[in-house]
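These are the residues of each chain, in order.
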Amino acid sequence: MGVSTSSPDKGIALVTVDFPPVNALPVRGWYDLADAVRAAGRDPEVRCVVLTASGRGFNAGVDIKEMQREHDTGRHTALIGANHGCAEAFSAVYECEVPVVAAVGGFCLGGGIGLVGNADAIVASEDATFGLPELDRGALGAATHLARLVPQHLMRALYYTSRTATAAELHAHGSVWKVVPREELLDAALELAGEIARKDGYLIRLAKAAINGIDPVDVRRSYRFEQGFTFEANLSGVADRVRDTFGKDEAREAGS
């Protein structure tokens, strides 16, 4: 369990996230992910990073139960930790010195959108779904990254309704490179990464820096602006009310 890095082929670093049962990351997990991606990018032998996950889905966002455990303490350690941890992980993907290919299988929710929205390319399985259920979970954020995956009005409709989009829909919008059966996901991602890794290592780093430099949106600043409203939702008490409802709904579903 945790975050691991391997080298499946020359010039490629494979970063794998594994936090059963649904890859909802605790605070420490977000920081570990950031550290792994940054370390891979700093490695002079690496020319492309593939980010993937084990288990049922790519990412289910933050570990809400970690926050709920602080419900009656009056402290916000987990909330602050998750916000900072997510910001670091998202930035690590965006600022990685080499391109990052996200290999997305199953659900990609909440913080998962922050990761893939900041990746350089996305390969997804046919069963992959993408969305921000933040309003159902007493949170806000990552609209910055969803806006990099779908057009503006679709982003807003998905955000306000907490609905998801399929891999095929994102492929039609041009944000997903390729959609493949689940069993072919990693091979397809490594194939794309291999093509990138065959480029000159110094030149590919220059290309990544140049493309980030012409980006019209400062993703780190934009996301941190969003997070201010998450703090407001928590200070007002509405976040706790919504999270409590989320927990009860989960319990009812488990018992049904």
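Residues numbered from 1 in each chain as written. Predicted model: local features only at pLDDT ≥ 70, side-chain atom pairs only at ≥ 80, totals over all residues. Heavy atoms only, no water.

### Things to note about the side chain of Ser162
Relative to the elements of secondary structure, Ser162 occurs in the loop between α6 (152–161) and β8 (164–166). For Ser162, the residues in contact, after removing those within four places along its chain, are Leu132, Pro133, Leu135 and Asp136. (Helix = DSSP H or I, 4+ residues; strand = E, 2+ residues; numbered from the N terminus. Contact = heavy atoms within 4.5 Å.)

### Focus on the pairing of strand β6 (residues 121–125)
Burial analysis of β6 places 5 of its 5 residues in the buried class, which makes it a mostly covered element. Taken together, the 4 bridges between strand β4 (residues 100–104) and β6 define a ladder with parallel strand orientation. Each bridged residue has a counterpart across the sheet, and for Val104 the counterpart in β6 is Ala124. As paired strands, β6 and strand β9 (residues 178–180) are joined by 3 bridges and run parallel to one another. Each residue of the ladder has a partner; that of Val123, found in β9, is Lys178. (Buried < 20%, exposed > 50% of the residue type's maximum accessible area, 1.4 Å probe, protein only. Pairing = 2+ DSSP bridges.)

### Things to note about the sheet that holds strand β7 (residues 129–131)
The strand order across the open sheet formed by 3 strands is β5-β7-β8, and the pairing between neighbours is mixed. Whereas interior strands pair on both sides, the edge strands pair on one side only; in this sheet they are β5 (107–109) and β8. Direction aside, neighbouring strands of the sheet carry axes that sit 20 degrees apart on average. (Axes fitted to C-alpha atoms, helices over the stretch in contact; angles between N-to-C directions.)

### A word on the nonpolar core
Ranked by size, the top nonpolar core spans 68 residues in total, and within it Val104 and Phe130 carry the most contacts. In terms of residues, this core owes the most to one element, helix α8 (residues 185–197), which gives 8 residues. With residues up to four places along the chain from it excluded, the contact list for Phe130 reads Val104, Cys108, Ile113, Val116, Ala124, Arg163, Thr164, Ala165, Thr166, Ala167, Leu170 and Val176. Core analysis: the second largest hydrophobic core is formed by 5 residues, Met67, Ala78, Leu79 and Ala82 among them. (Core = buried A, V, L, I, M, F, W, Y, C linked by side-chain atoms within 4.5 Å.)

### Remarks on unusual backbone geometry
In this structure, the amide linkage connecting Pro20 to the following residue, Pro21, adopts the cis form with an omega of 5 degrees. Counting through the fold element by element, Pro21 comes out in the loop between β2 (12–18) and α1 (27–42). With a phi angle near 55 degrees, Asn23 is a residue other than glycine that sits in the positive phi range. Note that Asn23 resides in the loop between β2 and α1. For Ser162, which is not glycine, the phi torsion reads 65 degrees and is therefore positive.

These figures come from the coordinates and say nothing about function on their own.
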